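A closer look at the structure
One letter stands for each residue in the lines below.
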Amino acid sequence: AAMQRVVAELMRTTSRPKWTRDRKGDRDAVPLWFQPVHVEPLDHDDQLFVGKKPPSKSSDAPGEGTGPAETRAVADALLAACGRPRLEHGEELLWHGTGLEAALSIEREGFDVGRSQRGLAGKAIYLAENITKADEYAGNRTSLRSVLLVRVKTEPVAYSAVKDPSDDEVEGLRARCLTGQSGAILLDRRKINGTFREWAVLDPGRCQLEFLVVYRASRCPFQGTPPPASHIAKYLRDHRRQLALPSEVPTPPSPPSPPPLHQHQVQIQMQRQQQQQQQQFGNF
C-alpha cells in the first residue's frame, strides 16, 4: 500500500498532458489521470552495474536541459519504501512503457536492443521521465496498462536538442555510447517543442529493473474501485505462464518400449502371420 501511494504521487508529479505523434491517436486521447493498481518490486542482480565507469561530477552540456529527471523528487522515497538503495550520482529512475507481455519478457530475459523499435536515435532502450510519454507505449489503452520503472546509469549524457538530426549526427551520438564516452543519449524534445525528454540507452547493462507497475489511465477522474488484488495477481500469473519457455514445460514421459520377444514367441507370431495371409489368399 505504501509503495502504491508513492507510485501514485510519482505518476501525478510526472504527468504532462502533451500530445506527440507517437501516441498515434486523437489529441483528446491524452490521459490526465493515472492510477496504479499493482506495484511489484522486481528481483535483480545487485552486481549488474559492477565495472561501469563512474560518471564525472559535471554534465557534458551544463545548462542545456541535462538536469535531473522529473522522477528524482519522488524516486528515493519509492526505493526506500521497499528497502532499496537511493539513487547515486549519475543514476535516474525512469519509466519504460510497454505492453504487459513485453514487460514480463523483459523481466524474464532482460532488455534486448536488437528487438527494440527504431526511434530518433536508432535502435535503443528508450526511457522517459514523464508517465504521459511512457503511456504512449503502454499497450492496450482500453484496459489495464503496464510500465516498468528502471534504474539507469545515464551519465555522462550525449545531449541532443535537434529536431531532425542527420544520420551522421545520430551515428556520432551512438558512437559516444558504444565507445563508453557516454552512458545515454538525452533527446530533449521539451526544449524544441515543449513536449518530453527521452533517454536512449544502447547498453542493457546500464539498466536495472526496479518495479513493474500495472495501472489504469483516463481523461476523467476514476469512478468506482480498482480491480481487486486477486484479479491482478491472476492477471500477472496467467501472462507469466504464457511466457514459459518450452524447455521449462514438463513433457509427458514416453511410453515404455515393449519387452523383447523370445525365440518361441517370434515363431508363434510368424505362424499367425502366415495363417492370416493364407486366409486372405483363399478368398480369391
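Everything quoted here is computed from the prediction, not taken from an experiment. (Residues numbered from 1 in each chain as written. Predicted model: local features only at pLDDT ≥ 70, side-chain atom pairs only at ≥ 80, totals over all residues. Heavy atoms only, no water.)

Quick notes on the packing of aromatic side chains
For the coordinates displayed, the defined rule picks out 1 aromatic pair. Note on Phe34 and Tyr215: the rings are 6.2 Å apart at their centroids and 45° apart in plane angle, and the pair reads as tilted. Within this pair, whereas Phe34 is found in strand β1 (residues 33-41), its partner Tyr215 is found in strand β10 (residues 207-218), the two being separated by 181 residues in sequence. Using a relative accessible area of 12% as the deciding quantity, one classes Phe34 as buried. A cation over an aromatic ring shows up here: Arg84 above the ring of Phe211, its NZ or CZ 5.8 Å from the ring centre. (Phe/Tyr/Trp six-rings, centres within 6.5 Å; stacked < 30°, edge-to-face > 60°. Helix = DSSP H or I, 4+ residues; strand = E, 2+ residues; numbered from the N terminus. Buried < 20%, exposed > 50% of the residue type's maximum accessible area, 1.4 Å probe, protein only. Lys NZ or Arg CZ within 6 Å of the ring centre and 35° of its normal.)

Things to note about helix α7 (residues 229-242)
Every α-helix carries 3.6 residues per turn, so stepping three or four residues along brings you back to the same face. For α7, spanning 14 residues, the distance from its first C-alpha to its last is 20 Å, which sits close to the expected 20 Å at 1.5 Å a residue. Its buried side turned inward, α7 meets β1, α3 (100-109) and β10. (Expected span 1.5 Å × (residues − 1). Contact = heavy atoms within 4.5 Å.)

Overview of helix α2 (residues 72-81)
Taken together, the buried positions of α2 are Val74, Ala75, Asp76, Leu78 and Leu79. Residues of α2 that are buried sit in contact with α1 (2-14), β2 (91-97), β6 (145-153) and β10. A positive phi of about 70° marks Gly83, the residue just after α2.

Focus: the pairing of strand β8 (residues 184-188)
The element β8 is extensively covered by neighbouring structure, given that 5 of its 5 residues are classed as buried. Residues Ala184, Leu186 and Asp188 of β8 are buried on one face, and the alternating residues Ile185 and Leu187, pointing to the opposite face, are buried as well. Where strand β7 (residues 157-160) meets β8, 4 bridges bridge the pair, whose relative direction is parallel. In the sheet register, Ser160 faces β8, and the bridge partner there is Leu187. In this fold, β7 hands off to helix α5 (residues 167-178), which returns the chain to β8; that crossover is right-handed. When β8 meets strand β9 (residues 197-201), the two strands line up antiparallel, connected through 4 bridges. Looking at β9, one finds that Asp188 is bridged to Arg197. (Pairing = 2+ DSSP bridges. Right-handed = clockwise from strand over helix to strand, strands pointing away.)

Notes on the layout of surface pockets
Its boundaries defined by the atoms lining it, the largest pocket holds a volume of some 1,100 Å³. Gln117, Gly119, Tyr126, Tyr137 and Glu198 are the residues nearest the centre of the largest pocket, which is lined by 39 residues in total. When contributions to the lining of the largest pocket are tallied by element, the ones reaching two or more residues are β2, α3, β3 (118-119), β5 (125-128), α4 (131-135) and α6 (189-193). Classifying every residue of the lining of the largest pocket gives 16 nonpolar, 12 polar and 11 charged. (1 Å grid on protein atoms, 1.4 Å probe; cavity = no way out; pocket = protein on both sides within 12 Å on 5 of 7 lines; lining within 4 Å. Points joined across faces, edges and corners; volume = space filled by probe spheres on them. Nonpolar A, V, L, I, M, F, W, Y, C, P; charged D, E, K, R; others polar.)

A look at the nonpolar core
Leu127, Leu148, Val150 and Cys207 are the most contacted members of the largest nonpolar core, which totals 28 residues. Among the secondary structure elements, those contributing two or more residues to this core are α3, β5, β6, β7, β8, β9, β10 and α7. Membership of the second largest hydrophobic core comes to 23 residues, among which are Met3, Phe34, Trp95 and Val147. (Core = buried A, V, L, I, M, F, W, Y, C linked by side-chain atoms within 4.5 Å.)

As for the pairing of β9
The element β9 is extensively covered by neighbouring structure, given that 5 of its 5 residues are classed as buried. Where β5 lies against β9, 4 bridges are found, and the strand directions are antiparallel. Among the inter-strand pairings, Leu127 is bridged to a residue of β9, identified as Trp199.

Examining the confidence of the model for the protein
Looking at the protein as a whole, its pLDDT mean stands at 83, while 79% of the residues score no less than 70. Taken as a whole, residues 56-63 scores under 50 in pLDDT and shows 11 contacts with residues more than four places along the chain or in a different chain. (pLDDT = per-residue confidence, 0-100.)

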